[in-house]
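# Residue-level structure breakdown
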Amino acid sequence: MLLLTFLDGSIAVAQASSPRRNASQLKCTPIGRVLNNSDLDLKAGSLICPGDRLQPKSGRTVEVLCYFNQQILQLKGGNATNQLNGCLPRATRFKPCTPENRSACPKFKGPGEGNNNPAIISPYSSALLNRRPTISWYAVTHATSYTVQVSGQGVDWQVVVKDRVLTYPKNQPALQFGNAYKITVIANRNDSAVSASTSVVNLVPENNAQKIAARIKQIHNLSLPKDEVAFLDLDAIYMSQNLLSETINTLNGRAKAGSRNPTLYRVLGDRYLEAGLPQEARREYTTAAQLAAAVNNSTELAKARIGLRRANAIASFQPG
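Scope of this entry: the structure provided in the associated data block. Quantities reported herein were computed from a predicted structural model and do not represent experimental measurements.

The rules behind each value
Residues numbered from 1 in each chain as written. Predicted model: local features only at pLDDT ≥ 70, side-chain atom pairs only at ≥ 80, totals over all residues. Heavy atoms only, no water. Helix = DSSP H or I, 4+ residues; strand = E, 2+ residues; numbered from the N terminus. Buried < 20%, exposed > 50% of the residue type's maximum accessible area, 1.4 Å probe, protein only. Contact = heavy atoms within 4.5 Å. Areas by Shrake-Rupley, 256 points an atom, 1.4 Å probe, with all protein chains shown as cover. Pairing = 2+ DSSP bridges. Bend = angle between axes of the 7 residues up to and from the residue. Core = buried A, V, L, I, M, F, W, Y, C linked by side-chain atoms within 4.5 Å. Salt bridge = Lys/Arg side-chain N within 4 Å of Asp/Glu carboxyl O. Axes fitted to C-alpha atoms, helices over the stretch in contact; angles between N-to-C directions. Phe/Tyr/Trp six-rings, centres within 6.5 Å; stacked < 30°, edge-to-face > 60°. Lys NZ or Arg CZ within 6 Å of the ring centre and 35° of its normal.

## Points about the overall build of the protein
Along the backbone of the protein there are seven helices and 14 strands. Burial status across the protein gives 46% buried among its 320 residues. Long-range contacts, defined here as pairs at least 24 residues apart, represent 55% of the contacts in the protein between residues at least 6 apart. For the protein, the computed accessible surface area is about 16,100 Å², with 48% contributed by carbon and sulfur atoms.

Right under this line is the structure:
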């Protein structure tokens, strides 16, 4: 028997034969997902609500991916349900981004005054999994070309391009796990350099990369809805290592595939804010709000509007 607690406080009973549950079947905000078939009631891939009871099979361990703390719980024995409390969100006092409380605002990552600085957009954070990341930056007014330089252990190259997006060159060696690399973008006007922007990225250790790859394969093997996997499972796995670039690229991939899920765009807005990109966040929150309104999803509409207000506040503090 499985107890389900809904958002309105009501309780329902599900039988052990209940099918695997996905997001469209729930009336709660899921706190995690069962990753294996070690529970008597919940099949691998089932989402977990607050108040659910786990009953591990004798001698077996139930693996649960928690969405709020981005951890994997190994639950077994009679205290499995109590241990599941580790997946519950912790009470935090939200500090709004305001002119009086600018410390609560993410660090802005945008063009400098007068668009004279080719501020690097992606990679979106210093932690990185992709060994051949796409590099992008803000355009500089009157720049005629850009020089991109990447240097570090086993890597030292530069290339001149006209665009403001560079796919990692196939003829250059990939970045190596466990090492730091400097990425520099120089804005040129004719034959003269006029400004530059630099960021440092750190590739995760190789053993971490292998563990992440194994978890992602485990999730994909569950044959879950692609949008749901992107904004719930892969986002949790990537964010456990602060891999903003990976989760933003994954969510963008689903958006380009034509997703109409408001949660996906709202989470993408959240991640852009964490990357210090309020303009990009505003675009995604606006899309999320429009999609949520179209299907009368009041919960996501409210979240999107809160995110949009915060993105607008942060954007108003940008330099220039």
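## Structural notes on the pairing of strand β10 (residues 145–152)
Note: β10 against strand β13 (residues 180–189), eight bridges, orientation antiparallel. Bridge pairing in β13 links Gly-152 to Tyr-181. Bridge analysis of β10 against strand β11 (residues 155–161) gives seven bridges, and the strand direction is antiparallel. Within the sheet, the bridge partner assigned to Tyr-146 lies in β11 and is Val-161. In textbook terms, the turn of a hairpin is the stretch between consecutive antiparallel strands, and for β10 and β11 this stretch comprises two residues, one of which, Gly-154, has a positive phi near 75°.

## Some remarks on helix α3 (residues 226–239)
Approximately 30° is the largest bend angle found in α3, and it occurs at Asp-233. Within α3, 13 of the 14 residues are buried, which leaves the element mostly enclosed by the surrounding structure.

## Concerning the environment of Leu-268
Within the element layout of this structure, Leu-268 appears in helix α5 (residues 262–274). What makes Leu-268 buried here is its relative accessible area of 0%. When the C-alpha positions of Leu-268 and Thr-247 are compared, they lie 8.3 Å apart, and in sequence the two are 21 residues distant. Those residues in contact with Leu-268, other than ones at most four positions away along the chain, are Ile-248, Leu-251, Asn-252 and Glu-284.

## Topic: the nonpolar core
Tyr-124 and Ile-219 are the most contacted members of the largest nonpolar core, which totals 53 residues. Looking at this core, the elements that each hand over two or more residues are α2 (206–220), α3, α4 (244–256), α5, α6 (278–294) and α7 (298–315). When neighbours within four sequence positions are excluded, Tyr-124 is seen to be in contact with Lys-109, Leu-244, Ser-245, Ile-248, Asn-249, Asn-252, Tyr-272, Ala-275 and Leu-277. Counting 20 residues, the second-largest nonpolar core is a separate cluster that includes Leu-128, Val-140, Tyr-181 and Val-201.

## Considerations on the pattern of salt bridges
Counted according to the given criterion, the structure contains nine salt bridges. With a closest N to O distance of 3.1 Å, Arg-215 and Glu-63 form a salt bridge. On the criterion of sequence distance, the pair formed by Arg-215 in helix α2 and Glu-63 in strand β5 (residues 62–66) is long-range, its members being 152 residues apart. You can call Arg-215 partly exposed: its relative accessible area is 22%. Residues Asp-235 and Arg-271 are paired through a salt bridge, measuring 2.7 Å at the closest nitrogen-oxygen approach. Of the two residues, Asp-235 is situated in helix α3 and Arg-271 in helix α5; the sequence distance between them amounts to 36 residues. As far as the burial class goes, Asp-235 and Arg-271 line up, both buried. Ionic contacts of the salt-bridge type, sharing partners, join the residues Arg-33, Glu-228 and Asp-233 into one network.

## Some points on the sheet that holds strand β3 (residues 32–34)
Pairing is antiparallel across the open sheet formed by four strands, whose spatial order is β4-β3-β5-β6. Whereas interior strands pair on both sides, the edge strands pair on one side only; in this sheet they are β4 (47–48) and β6 (72–75). One ladder, built from two bridges, connects β3 with β4; its direction is antiparallel. By the bridge assignment for β4, Arg-33 is matched with Leu-47. In the packing of α3 onto the sheet, the strands contacted are β3, β4 and β5, and the crossing angle to β5 comes to about 100°.

## A word on the packing of aromatic side chains
Tallied over the full model, the rule gives three aromatic pairs. On the basis of an interplanar angle of 85° and a centroid distance of 5.4 Å, the ring pair of Trp-157 and Tyr-168 is categorised as edge-to-face. Highlighted residues: Trp-157 in strand β11 and Tyr-168 in the loop between β12 (165–166) and β13, separated in sequence by 11 residues. A cation sits over an aromatic face here: Arg-131 above Phe-177, 5.5 Å from the ring centre.

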